[in-house]
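Residue-level structural notes
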Amino acid sequence: MVRLGGLVCLPFRFIGSRRPRVLTSVVPATNRSLSFIAAETMKPPVAKKVKHEMTLFDDVRIDNYYWLRDDSRTNPEVLSHINQENSYTDSVMSGTKKFEDEMYAEIRGRIKEDDVSAPKRKGQYYYYKRTLEGKEYAQHCRRLVPNNGAPPSVFDVMPDGPDAPPEHVILDENIKAQGHDYYSIGAFKVSPNGRLVAYAEDTKGNEIYTVVKIQDMQLFADHLVLYGRENGLPKITVYGLPEVGEAINGLEAGRNVDFVDPIYSVDPEESEFSTSILQFSYSSMKTPNSVYDYDMNTGVSVLKKIDPVLGGFDAKNYVTERKWAVASDGTQIPLSIFYRKDLVKLDGSSPLLLYGYGSYEMCIDPTFKASRLSLVDRGFIFAIAHIRGGGEMGRKWYENGKLLKKKNTFTDFIACAEYLIGNQYCSKEKLCIEGRSAGGLLIGSVLNMRPDLFKAAVAGVPFVDVLTTMLDPTIPLTTSEWEEWGDPRKEDFYFYMKSYSPVDNIKPQIYPNILVTAGLNDLRGCERTL
């Protein structure tokens with residue numbers, strides 16, 4: 001068990017006739033690759049018990065591991081225990097080190113390092129990003145449009161080669177990143193006067209430039225584009241606007257942009273106000289990120305760029321599906337499913353990884369991730385449970401999975417697991433689950449509620465000591481988080497949160513195998529998607 005800054009990172013101690021294997025890895029912000037399967041080679045470290053009593057509303061809670069809290073990250077005894085945890089993890093996982101290295105090389109081998117993004121025509125220039133082999137960061141570039149007098153068309157192609165206008169490198173992130181462990185450009189644009197405006201953060205989270213935010217609506221001279229959601233999936237609707245000087249009496253006869261996959265993700269790209277061309281990015285679990293130009297007058301879409309995936313990837317080998325599980329209160333919960341059709345028989349024999357988040361109104365859309373191919377190409381099914389507490393199905397979907405309705409998030413996830421088992425996508429013996437941060441709370445809660453349902457679980461930087469953490473306003477995020485979880489200084493919230501807080505609900509029962517990862521420091525925030 002490791003408590004970092006008020007958050008318990010390894011919540012599970014096990015009581016009963018059979019103790020499952022629990023691996024804990026406390027690492028810096030960079031990820032360490034670990035596997036579930038290992039043979040024990042040494043005894044796990046056992047943290048000492050120091051009784052710590054907490055009382056509120058005549059309710060007494062005992063936390064024998066509260067001493068592990070170390071806001072300074074310098075307590076020698078705590079650091080010693082963390083080092084023992086890491087040594088144990090390394091020992092247990094030593095038999096898979098060769099496979100880990102092979103997997104890492106395989107995932108990296110799918111990345112085309114030298115590449116150019118889809119160009120955006122703005123004014124007299126095409127703007128684009130260039131990545132270089134062996135470099136960690138991108139160059140932001142532009143090139144003159146040869147025939148600037150011609151109106152933009154979805155069929156335009158930026159010229160390249162020796163006869164093309166020269167390339168201007170506006171910003172080279174590789175140069176800016178020198179002297180930093182980590183560097184990120186959050187937004188980037190060139191103003192009409194040619195000056196660069198961008199937003200970035202360094203390793204300490206310090207703001208460097210001005211923030212440019214993207215909204216869910218785009219206004220053009222002759223069109224209005226709305227980005228919405230329908231049945232849990234993104235939707236783009238384009239409306240024509242009346243001539244200048246005419247009144248807008250309402251939005252009618254909008255045209256929806258059509259998409260080919262049953263599940264997918266769509267994001268707006270920056271487009272010029274005066275143009276009739278809308279640019280957006282599209283992907284699905286089997287379709288790499290693709291940039292399209294869409295003619296808002298004719299409805300014609302033209303693919304401008306699809307991210308290359310090396311290593312023999314062929315989208316025709318894969319299947320994506322949208323299914324619906326039924327929650328305990330009758331609510332239908334969307335599931336996104338992805339697998340390789342020549343390796344999966346749908347007879348319950350396939351291993352399956354079910355991912356969930358379900359907090360902060362975040363939408364976990366079914367995007368493409370090349371790293372998942374290493375899983376599904378070995379016969380795994382990958383699924384996302386779009387549970388309440390997220391934003392996939394609208395505002396009410398979020399509100400019905402927060403505060404005093406938070407347990408809907410956990411029962412929805414269990415319903416999705418039961419659906420997958422009942423429809424022979426997998427069996428209990430082949431079902432693995434994963435969640436990170438608030439998704440780690442999800443994992444901890446469902447393991448307490450239904451440990452019999454799963455074979456293995458991965459909890460990444462999990463938020464599992466809910467009650468103790470939310471009762472401590474000295475932790476920087478606590479007071480703002482009351483809007484999400486509730487304020488446990490109020491009795492109704494206190495007892496409701498206690499009823500699902502993972503560390504407060506561990507009991508004598510057989511749990512599945514669990515991998516818990518954490519970070520001594522988390523400067524860049526917790527990753528919330530797989």
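Computed from a predicted structure; not experimentally measured. (Residues numbered from 1 in each chain as written. Predicted model: local features only at pLDDT ≥ 70, side-chain atom pairs only at ≥ 80, totals over all residues. Heavy atoms only, no water.)

The next thing to look at is the confidence of the model for the protein chain. Chain-level statistics for the protein chain give a pLDDT mean of 86 and a share of 86% at 70 or above. Throughout residues 26-40 the model reports pLDDT below 50, and contacts reaching past four residues in sequence, or to other chains, amount to 41 contacts. Predicted confidence is poor over residues 203-214, with pLDDT under 50, and the contacts of this stretch with residues over four places away or in other chains come to 23 contacts. (pLDDT = per-residue confidence, 0-100. Contact = heavy atoms within 4.5 Å.)

Once that is clear, we can look at helix α9 (residues 478-485). For α9, the complete set of buried residues consists of T478, E481, W482, E484 and W485. The buried residues of α9 occupy an angular sector of 160° when the element is viewed end-on, so they sit on one face. The elements touched by buried residues of α9 are α5 (395-399), α7 (438-449), α8 (466-470) and α10 (491-500). Backbone geometry just after α9 places G486 at a positive phi near 105°. (Buried < 20%, exposed > 50% of the residue type's maximum accessible area, 1.4 Å probe, protein only. Helix = DSSP H or I, 4+ residues; strand = E, 2+ residues; numbered from the N terminus. Arc of directions from axis to C-beta.)

As enumerated under the stated definition, the model contains 33 salt bridges in all. The shortest N-O distance in the salt bridge between R143 and E167 comes to 3.7 Å. In this pair, R143 is assigned in strand β9 (residues 138-144) and E167 in strand β10 (residues 167-172), connecting sequence segments 24 residues apart. Its salt-bridge partner being R489, residue D487 comes within 2.8 Å of it at the nearest N-O pair. Looking at R489, the relative accessible area reads 48%, which means it is partly exposed. If you follow the salt bridges from partner to partner, you end up with E106, R110, R340, D342, D377 and R378 in one network. (Salt bridge = Lys/Arg side-chain N within 4 Å of Asp/Glu carboxyl O.)

Strands pair in a sheet through their backbones, by hydrogen bonds, and they do so in one of two ways: parallel or antiparallel. Read from one edge of the open sheet, four strands run β13-β14-β15-β16, paired in antiparallel fashion. Lying at the two open borders of the sheet, with one neighbouring strand each, are β13 (217-219) and β16 (255-256). Where β13 and strand β14 (residues 223-230) come together, three bridges link them in antiparallel fashion. From the neighbouring strand, Q218 faces β14, where its bridge partner is V225. (Pairing = 2+ DSSP bridges.)

Before going further, it helps to examine the packing of aromatic side chains. For the structure on display, the rule yields 18 aromatic pairs. Taking the centre distance of 5.5 Å and the plane angle of 25° together, the rings of F313 and Y318 count as stacked. Aromatic pair F463 and W485: ring centres 5.4 Å apart, planes at 55°, arrangement tilted. Of this pair, F463 sits in the loop between β26 (456-460) and α8 while W485 is found in helix α9, placing the two residues 22 residues apart along the sequence. Per residue, the accessibility class of F463 equals that of W485, and both read buried. Members of the aromatic cluster, connected to one another through ring pairs, are F259, Y264, F280, Y282 and Y292. For K48, the ring lying beneath its charged end belongs to W67, and the centroid distance is 5.0 Å. A cation sits over an aromatic face here: R142 above Y125, 3.9 Å from the ring centre. (Phe/Tyr/Trp six-rings, centres within 6.5 Å; stacked < 30°, edge-to-face > 60°. Lys NZ or Arg CZ within 6 Å of the ring centre and 35° of its normal.)

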